[in-house]
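Observations on the three-dimensional arrangement
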Amino acid sequence: MQPGAVRPYASDLAATWPIDERRWLSRAATVVVADVSGFTRLSERLGVIGPDGTEAVKDIINSVFEPCIAHVLRAGGDVLEFAGDGIVASFEGDDHPERGARAAAAMQRTVRELATFSTPVGRVRRRMTVGAETGDLTSLVLGDSAQDRRDVVSIGAVLDRAFDLDSAATPGQVRVGEQLVAALPSSWSRRVPDGGRRLHIPAVPGAVGRAHRRSDADERTRQFHDPAVVDVVERGRSPAEHRTVGAAFVVIDGIRQQHDVGSDLVADRLNGLSASVAAACREHDVCWLESDSEHGRIRLLLTVGAPVRRENDAERLVDAVRTIADRHEVRVGVAQGRAFVGDVGHQARRTYNEMGSTVNLAARLAAAADPGMVLLTADVARLVSRRFETEPVPALM
């Protein structure tokens, strides 16, 4: 066992969650969303090569993640979550708009300097999009201290706007929202043809060093990870690889709207739901890998096949999500296939993650499902046909 191994896998927000166990926390913040462009397709091209291709995938993602996370930490920020092949960071306290903008600009400068990368399929170019906005950010804890698995997620218009700005950005660009623009020197941004604004990166100074919150409470952060992930991390057994996995997204709608009515109301709802998810995962030996949020909804990613392989992976995963959907009005998508799995990030902030088209397909299925519905790919339906009755639905476009 490696002492302190788990701590880098939790955000500062989770590791320093108030000891009075407040269920939600609101504050002013600048949110930065950054995505590595074209990573999924590149990962799959390299994955067919074998171990050399997998190592190349890990090297490429870390060559972007490591310096970008370093810029966030240097500017006093916190990496709240790893969103697939990207990161979501927040900056709070004095001068948070300027510090967030400086970090975002520094990320793009670094990626530009890295230029191309040699791989077994030829040289590839690293590219990244970034969106940033300032506003009120609310974070919610999923579950109580008695659970062996809980998580912290953040919601709010500022987060949704940062995701929208990231989607609107072109590679190499930092799109910034109106509130952030108003808080920055006018020379730091330029108008773009669609009427929005982007950072004028040459005018933005480099990130200024600032102490960021850190907690060495390794034991406390264990609850914010699935026990299977904790075991892999503490034993130092998390090699990068492409392997067959099952992925299921459980989508919880209406969180932001419900929070606007009453924070305790949504906290009660999430506590009950997270308890059901934790129990279903424990009963069926499924990994609750991560949680994230976007546009007023929360998504939980449940996996089988990684970090640990078991028998009847697909059946156990569908058993777990069907149990959850029977008890709660959630939307679920399930897919199985090859994915990149492994430990990536910076030595001070890391994640054990799954990336690839299988995970993306599960997310699309969940987005298309009706409340209470579990949508499966055809191959998953065949694998679970002995246990579950399924019916065809129109193909997704």
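It should be emphasised that the depicted structure is a prediction, and the values quoted were computed from it without experimental measurement. (Residues numbered from 1 in each chain as written. Predicted model: local features only at pLDDT ≥ 70, side-chain atom pairs only at ≥ 80, totals over all residues. Heavy atoms only, no water.)

**Here's the deal with the overall build of the protein**
Helices and strands together make up the secondary structure of the protein, namely 13 helices and 16 strands. A globule of 397 residues ought to have a C-alpha radius of gyration of about 21 Å, and the protein, at 20 Å, matches this closely. Residue burial in the protein is summarised as follows: out of 397 residues, 58% are buried. Partitioning the contacts of the protein with sequence separation of at least 6, the portion at a separation of at least 24 is 74%. When the accessible area of the protein is evaluated, it comes to approximately 16600 Å², of which 48% is carbon and sulfur surface. Side chains of the protein carry 50 positive and 55 negative charges; the gap between the two charge centres is 5 Å. (Helix = DSSP H or I, 4+ residues; strand = E, 2+ residues; numbered from the N terminus. Rg over C-alpha atoms; globule rule 2.2 N^0.38 Å. Buried < 20%, exposed > 50% of the residue type's maximum accessible area, 1.4 Å probe, protein only. Contact = heavy atoms within 4.5 Å. Areas by Shrake-Rupley, 256 points an atom, 1.4 Å probe, with all protein chains shown as cover. Lys, Arg positive; Asp, Glu negative; His and termini not counted. Charge placed at Lys NZ, Arg CZ, Asp CG, Glu CD.)

**Here we look at helix H4 (residues 96-114)**
Between the first and last C-alpha of H4 there are 27 Å, a value that for 19 residues agrees with the 27 Å anticipated at 1.5 Å per step. Extensive coverage of H4 is indicated by the burial of 14 of its 19 residues. (Expected span 1.5 Å × (residues − 1).)

**Observations concerning a positive patch on the surface**
A grouping of Arg41, Arg45, Arg125 and Arg127 is seen on the molecular surface, where their side chains present a positively charged patch. You can see Arg125 is positioned in strand S5 (residues 122-125). Owing to a relative accessible area of 64%, Arg125 belongs among the exposed residues under this scheme. (Patch = residues over 30% accessible without salt bridge, like charges linked within 9 Å, V, L, I, M, F, W, Y side chains within 5 Å. Salt bridge = Lys/Arg side-chain N within 4 Å of Asp/Glu carboxyl O.)

**Here we look at the environment of Trp188**
Residue placement: Trp188 occurs in the loop between helix H6 (178-183) and strand S9 (189-191). Sequence-wise, Trp188 and Cys287 are 99 residues apart; in three dimensions their C-alpha atoms are separated by 44 Å. Here Trp188 is in contact with Glu98, Ala101, Arg102, Arg198, Leu199, His200, Ala203, Val204 and Pro205, once residues within four sequence places are set aside.

**What about the pairing of strand S7 (residues 151-155)?**
Burial runs high along S7: five of the five residues are buried. The alternating pattern of S7 places Asp151, Val153 and Ile155 on one face and Val152 and Ser154 on the opposite face, and all of these are buried. As judged from the five bridges shared by strand S6 (residues 128-142) and S7, these two strands associate in the antiparallel manner. The partner of Ser139 across the bridge, within S7, is Ser154. (Pairing = 2+ DSSP bridges.)

**Some points on the nonpolar core**
Among the nonpolar cores identified, the biggest contains 46 residues, and Phe65, Ile87, Met107, Met128 and Leu199 are the most heavily contacted of them. With residues near it in sequence (within four places) discarded, Leu199 still touches Ala101, Ala104, Ala105, Val174, Val176, Leu184, Trp188, Ser189 and Val204. With 35 residues, the next largest nonpolar core counts Leu142, Ala280, Leu302 and Val332 among its residues. (Core = buried A, V, L, I, M, F, W, Y, C linked by side-chain atoms within 4.5 Å.)

**A closer look at the packing of helix H2 (residues 39-47) against helix H3 (residues 51-74)**
Running from N to C, H2 and H3 cross one another at 155 degrees; their axes reach a closest spacing of 8 Å. Classified by the angle between their axes, H2 and H3 sit roughly antiparallel to one another. Along the contact surface, H2 presents Phe39, Leu42, Ser43 and Leu46, while H3 presents Gly53, Thr54, Ala56, Val57, Ile60 and Ile61. Of the residues belonging to the contact of H2 with H3, the class tally is seven nonpolar, three polar and no charged. (Axes fitted to C-alpha atoms, helices over the stretch in contact; angles between N-to-C directions. Parallel < 35°, antiparallel > 145°, perpendicular 65-115°, else oblique. Nonpolar A, V, L, I, M, F, W, Y, C, P; charged D, E, K, R; others polar.)

**Comments concerning the pattern of salt bridges**
One pass over the structure, following the stated rule, counts 16 salt bridges. Taking the shortest distance from any N to any O, the salt bridge between Arg243 and Glu241 comes out at 2.6 Å. A salt bridge links Arg350 to Asp343; the nearest nitrogen and oxygen atoms lie 2.4 Å apart. The two residues Arg350 and Asp343 agree in class, both being buried.

**Notes on unusual backbone geometry**
Backbone torsion omega between Ala306 and Pro307 reads 5 degrees, so that peptide bond is classified as cis. Note that Pro307 resides in the loop between strand S13 (297-304) and helix H11 (313-327). Residues other than glycine seldom take positive phi values, yet His295 does so here, at roughly 55 degrees. Mapped onto the secondary structure, His295 falls in the loop between strand S12 (287-294) and S13. At Asn312, a position not held by glycine, the phi torsion is positive, near 55 degrees. Along the chain, Asn312 turns up in the loop between S13 and H11.

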